[in-house]
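Given next are the chains, with one letter for each unit.
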Amino acid sequence: MGEFEVHRVRFFGLVPAGVRCLACQPRGARLALARTDGAVEVYNFAANYFQEKIIPGNEARSVEALCWAAGDRLFGAGLGGEIAEYDLSRLCVAHSVDGGGGPIWSMAANSSGTQLAIGCEDGSVKLFQVVPGGIQFERNMDRRTGRILCLSWHPSDTHIAAGSIDALRVFNVSSGQTVQRIMVNYHVHKVKRECIVWSIAFLSSGTVVTSDSFGRVQFWDWERGTLQESHTVSTSAVLSLSVSEKEDSIIVGTSTGATYQFQLLPVKTGSLEKRWVRTKPFQYHTHDVRAVAHSSTALISGGLDAQLVIRPLMEKMQKKGYDAALRKFTFPHRRLVSCARKARLLLFQFSQHLELWRLGSTDETGKDGEVLPLCRMPEHLVQLKSKGPEHIYCSCVSPCGSWVAYSTASRFHLYRVQYKGDSVSVKKVPKVPKLLLPAYQLQFSADSGRLFIASARGSVHVLQLLEPGGCKHLHMFRPPSGCPDAVYLLAVSADGHWLAAVGGDWAIHIYNLKCFKHHCTVPTYNCAVTALAIHPITNNLVIAYSDQQLFEFSIPEKQYTAWSRMVQNSGLHKAWLERDSPITHITFNPKNPSHILLHDIYMFCVLDKSLPLPDNSALLMNQSTLKQLPETARQRQLHAFKICKKFQPLLFADLLDDNCLVMVERPIMDFKTQLPLPIQQKKFGT
Amino acid sequence: MAPGKKAAAAKGKRGLPAALLSPPSSEDEAPEEVSFGAAREVAETERKLMGEAARRHRELLKEKRRRRQELFVEQKVRSPLTPRFAPPPWPAAAPRPANCPLPAETEAAPRGRAAGAGRRAARTVRGPWGGTGGPKGNYTAVRLKDQSLTGLHQQLAKDFLNTQLYGPDTNRVQANEFFSLENKRDPVKKAAVQFVDKSWGEYRKSQSRSY
């Protein structure tokens, strides 16, 4: 693997926001997720659960409910009182309509996706019509006191069940009248606090399922107003509930972080009478589980500990394999750190500010695994705060460290950073050319002379950076066949000749920067691109896909390289393909042209193209065994993948110069203490 | 505690009137003889005691009502919109219209609030009397823009959510305690997750800083 001096960085204080809402696309393989800071993300299940779209949040926006309607349209509503439709191609809020009832607590779409019902703070349920281009207010239902915390349509769209404080109500959609009101706190003795119905579901058999703050999941017959079954699953509140499409399985999430599955099972084998039974308990979260979803094959839960957990159900899986593995996602599938190699600076991107740090240095050397003392500590040089409520989309620092750029939804900022001895001065570059904002990805060229801005509709802008602090718009690249989505990944070659850009349609376009023309398109692959980089010497484009495949495309020759064809023929190792997180960064070592350095959240790998590829019978992570073998035996067992799992969870890894690596880690316990308070768990013996 | 309870119960039993404890066969006997004067005295003292109790109760209620009334009057006087200051000790009519923005502001402000528009700059107006003429205390005039209705509703909704999830009844615990439990129960005991609580000595530090 080589000997490296590793800068182990743990001062990136990222605290991911908790998961607040989940919504499965009804007839698709996508999951929409909303966080407590207002960010909305879309995960593509078919592309190995890749986080394909991120819409950054906004301080003024809170999302309390998310739903898919009319096929592909995503709507969100929150305590600001507005219903927003998200434009998933331009990754922003397309338009928003005021609900007219104060803060909106819940929203649900009917089964055909043509109407939206919202539950408001003032106790009213309002109906909106989904029309092309937006939504339109239709009418109000019967309004009573008590905020509507949860809503559910009956599958036939004739009735709506709404849960509020101490009661649940059923409305007739066509007349708008309340046809049933059931008091929910009747069965609780000697308790003075109110019973909050946190979530509700309406089954086609006429059963209404509620979960409340006393930790009960109750099944009601709405026509008679009676309680059919009551299950107490927890001493703390049950915050979320989701029913499968076939209505034979329910997942509930509690405040303690536990999730439970209820299944409709026959009382005796073969009997027709069925009852709901609490079957599987799971404890995957440490904090409140405020969102759950039930897809056709998996139970999905999202907690305030920022984790998204996808638990495939064994009985729905055809074969036992990696498809049935538990998936947990805490960190985003994007790079939040950029590195100025020559200046040894790191730029950390937070939701509303950027931090520029200079790495420490050491004079000493040591043996493998030794911790070296620092002669200069890492220094926090600059903190750039973004004005306004919008969160930052992307940021970048130039390799020489003298330019910093970032973009929010409506503003683009470019700064010139000057270092005079120990002091640092930051000056804003005025008169930045007007572009269609936001910028989705930023990349500086290797000589820090140009800035590439990824924009909407597949276009990339090229800005020339002028000394002492100015810029000029040079060119705008567009894909030849047009693209509705924005570009989300960029890669520039070291000689400044080539630019590669990937849009939301997953097509990789390569542009020639000398003559400003489109050069070629990489053959399409049916999976999302997660990382891209151009080799400094051979100008080969190395591509990592979300299903963990690796390709190498020669740009001058416009075809895959021989090594890439060999990898595809022999196939990658099973342990490589069964990794949980995507590769987010690829880089190269100029001194060793056959090395490719890549990393994902749990491992760092040096891929040596000159060595043979391992077959499935060999051990993939064999670095520790190789160390113990004598030289001759080692030569026989060497293979191309040299993987190190010492640094986890890894947010960023890069090569500073030939013997120096920087690894930015974010240990999970470091941010868990900054999350909202968890519920006390009584453990035996404490 | 249990034996004490038993003793009290036993005592109570002994304290029950004789008529209830006596066997049923003694119901045929006549009640005991009591002279008319003694009975009248007993009844009078009882009535007096009851009267005293009722009077005391009424006085207490009156007192409470009086205190509440005073509080309301005080609050009304303290409201930022009412003119805080008593009329000047001197009957100077001239400086008033020019220097006193308060009555106009009072009238305009409720109208403004009802209309939902209207902004007034925040000023702590002391008036031409230097703030010494009227009742003691301060008031501040606030900008109506800062008290938007949507913001207020949103704040109420957030407060409701916070009380329900993190309020007094919920069984929440500090993160340090929650995560350090495993460290303490391991066969090899480790330090707590946040070994040094940075809030220790905060008060003392802030005091020393203010010096």
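Residues numbered from 1 in each chain as written. Chains lettered and ligands numbered in written order. Predicted model: local features only at pLDDT ≥ 70, side-chain atom pairs only at ≥ 80, totals over all residues. Heavy atoms only, no water.

Participant: Explanation requested: the overall build of chain A in the structure shown.
Facilitator: Counting secondary structure elements, chain A contains five helices and 55 strands. In terms of overall size, chain A behaves like a compact globule, its C-alpha atoms giving a radius of gyration of 27 Å where 686 residues would be expected to give roughly 26 Å. Each principal axis of the C-alpha atoms in chain A carries an extent, and together these give about 80 × 60 × 50 Å. Looking at chain A residue by residue over its 686 residues, the buried ones come to 60%. Residue pairs in contact within chain A that sit at least 24 positions apart in sequence constitute 49% of those at least 6 positions apart. Of the accessible surface of chain A, which amounts to about 28000 Å², a share of 51% is contributed by carbon and sulfur atoms. Charge-centre separation for chain A: the mean point of 74 positive side chains lies 1 Å from the mean point of 58 negative side chains. (Helix = DSSP H or I, 4+ residues; strand = E, 2+ residues; numbered from the N terminus. Rg over C-alpha atoms; globule rule 2.2 N^0.38 Å. Buried < 20%, exposed > 50% of the residue type's maximum accessible area, 1.4 Å probe, protein only. Contact = heavy atoms within 4.5 Å. Areas by Shrake-Rupley, 256 points an atom, 1.4 Å probe, with all protein chains shown as cover. Lys, Arg positive; Asp, Glu negative; His and termini not counted. Charge placed at Lys NZ, Arg CZ, Asp CG, Glu CD.)

Participant: Looking at this structure, I do not really get the interface of chain A and chain B. What am I missing?
Facilitator: One widely used convention gives an interface's size as the accessible area the parts lose upon coming together. In this complex, chain A contributes 34 residues to the contact, which on the side of chain B involves 24 residues. Surface buried jointly by chain A and chain B totals about 2600 Å² across both partners, of which 67% is contributed by carbon and sulfur atoms. Between chain A and chain B we count one salt bridge in total. A salt bridge links B:Arg172 to A:Asp288, with the nearest nitrogen and oxygen atoms 2.7 Å apart. The interface formed by chain A and chain B contains five residue pairs in polar contact (both at pLDDT 80 or more). Its residues assigned to classes, the side of chain A that touches chain B shows 16 nonpolar, nine polar and nine charged. (Buried area = accessible area lost by both parts, 1.4 Å probe. Salt bridge = Lys/Arg side-chain N within 4 Å of Asp/Glu carboxyl O. Polar contact = N/O pair within 3.5 Å; in protein donor to acceptor, adjacent residues only side chain to side chain. Nonpolar A, V, L, I, M, F, W, Y, C, P; charged D, E, K, R; others polar.)

Participant: Looking at this structure, how should I read the pairing of strand 43 (residues 498-503) of chain A?
Facilitator: In regular strands, side chains alternate between the two faces of the sheet. Residues and elements named next belong to chain A. With six of its six residues buried, strand 43 lies for the most part within the structure. The alternating pattern of strand 43 places Trp498, Ala500 and Val502 and Leu499, Ala501 and Gly503 on opposite faces, both of which are buried. One ladder, built from five bridges, connects strand 42 (residues 487-492) with strand 43; its direction is antiparallel. Each residue of the ladder has a partner; that of valine 492, found in strand 43, is leucine 499. Where strand 42 folds back on strand 43, the antiparallel hairpin that results is connected by five residues, among which glycine 496 adopts a positive phi of roughly 75 degrees. Across five bridges, the pairing between strand 43 and strand 44 (residues 508-512) is antiparallel. From the neighbouring strand, leucine 499 faces strand 44, where its bridge partner is tyrosine 511. (Pairing = 2+ DSSP bridges.)

Participant: What is the right way to read unusual backbone geometry from this model?
Facilitator: Negative phi characterises most residues that are not glycine, and trans characterises most peptide bonds. Residue and element names in this part refer to chain A. Cis geometry marks the peptide bond from leucine 437 to proline 438, where omega comes out at 5 degrees. Within the element layout of this structure, proline 438 appears in the loop between strand 37 (423-428) and strand 38 (441-444). Of note, the amide linkage connecting glutamate 467 to proline 468 takes the cis form, showing an omega dihedral of -10 degrees. Summarising the element assignment, proline 468 is placed in the loop between strand 40 (460-466) and strand 41 (470-477). If you check the backbone angles, aspartate 166 has positive phi at about 70 degrees while not being a glycine. Mapped onto the elements of the fold, aspartate 166 is located in the loop between strand 15 (159-163) and strand 16 (167-172). With a relative accessible area of 19%, aspartate 166 lands in the buried category. In this model, glutamine 548 sits at a positive phi of 70 degrees, which is unusual for a non-glycine residue. Judged by its relative accessible area of 1%, glutamine 548 falls in the buried class.

Participant: What's the story with the domain arrangement of chain A in this structure? I'm lost.
Facilitator: All names here are of chain A. Once the domains are mapped, chain A shows domain 1 (19-308), domain 2 (332-361 + 378-477) and domain 3 (490-672). Here domain 1 and domain 2 have C-alpha centroids that lie 40 Å from each other. If you look at the interface, domain 1 gives 17 residues, while domain 2 gives 11 residues. Buried surface at the junction of domain 1 and domain 2, both sides included, amounts to about 1100 Å², of which 54% is carbon and sulfur. At the boundary of domain 1 and domain 2, one finds zero salt bridges. Taken together, the connections running from domain 1 to domain 2 amount to eight residue pairs in polar contact (both at pLDDT 80 or more). If you tally residues by element for the side of domain 1 that touches domain 2, the top one is strand 5 (residues 50-55), at six residues. For the side of domain 1 that touches domain 2, the per-class residue count stands at nine nonpolar, three polar and five charged. (Domains from an automatic or database assignment.)

Participant: Please explain the nonpolar core as it appears in this structure.
Facilitator: Residues and elements named next belong to chain A. Of all hydrophobic cores here, the largest spans 35 residues; its most connected members are Leu66, Leu414, Leu442 and Leu451. Counting residues per element, this core draws most heavily on strand 34 (residues 392-397), which supplies three residues. Setting aside chain neighbours within four positions, we find leucine 414 in contact with Trp403, Val404, Ala405, Lys427, Lys428, Val429, Val432, Phe444, Leu451, Leu465 and Cys471. Core analysis: the second largest hydrophobic core is formed by 25 residues, Ala47, Tyr488, Ile508 and Ile534 among them. (Core = buried A, V, L, I, M, F, W, Y, C linked by side-chain atoms within 4.5 Å.)

Participant: Explain the environment of A:Ser624 to me, please; I cannot follow it from the model alone.
Facilitator: Looking at the secondary structure, you find A:Ser624 in helix 3 (residues 623-628). Counting along the chain gives 309 residues from A:Ser624 to A:Glu315, while the straight-line C-alpha distance between them is 38 Å.

Participant: Explanation requested: the sheet that holds strand 55 (residues 660-665) of chain A in the structure shown.
Facilitator: Hydrogen bonding along the main chain pairs the strands of a sheet, whether they run parallel or antiparallel. All names here are of chain A. Judged by pairing direction, the sheet is mixed, and its three strands sit side by side in the order 1-55-54 without closing on themselves. The two strands at the open ends of the sheet, each matched to only one other strand, are strand 1 (5-9) and strand 54 (650-657). Going from strand to strand, the sheet's axes swing by 20 degrees on average, the running direction of each strand aside. Here strand 54 pairs with strand 55 via six bridges, running antiparallel. Across the sheet, residue leucine 650 finds its bridge partner in strand 55, namely glutamate 665. (Axes fitted to C-alpha atoms, helices over the stretch in contact; angles between N-to-C directions.)

Participant: What should I look at first to understand the packing of aromatic side chains in this one?
Facilitator: Within a pair of aromatic rings, the relevant descriptors are the distance that separates the centres and the angle that separates the planes. Going through the model one piece at a time under the given rule, you end up with 26 aromatic pairs over all chains. Members of the aromatic cluster, joined through ring pairs, are A:Phe11, A:Phe12, A:Phe348, A:Phe350 and A:Trp357. Just above the ring of B:Phe160 sits the side chain of A:Arg147; from NZ or CZ to the centre is 3.9 Å. (Phe/Tyr/Trp six-rings, centres within 6.5 Å; stacked < 30°, edge-to-face > 60°. Lys NZ or Arg CZ within 6 Å of the ring centre and 35° of its normal.)

Participant: What should I look at first to understand the sheet that holds strand 5 of chain A in this one?
Facilitator: Residues and elements named next belong to chain A. The four strands lie next to each other as 2-3-4-5, forming an open sheet whose pairing is antiparallel. At either margin of the open sheet sits one strand with a lone partner, and together these are strand 2 (19-24) and strand 5. Mean inter-strand twist for the sheet, computed between neighbouring axes without regard to direction, equals 20 degrees. The pairing of strand 2 with strand 3 (residues 30-35) spans five bridges and is antiparallel. Of the residues in strand 3, the one forming a bridge with leucine 22 is leucine 33.

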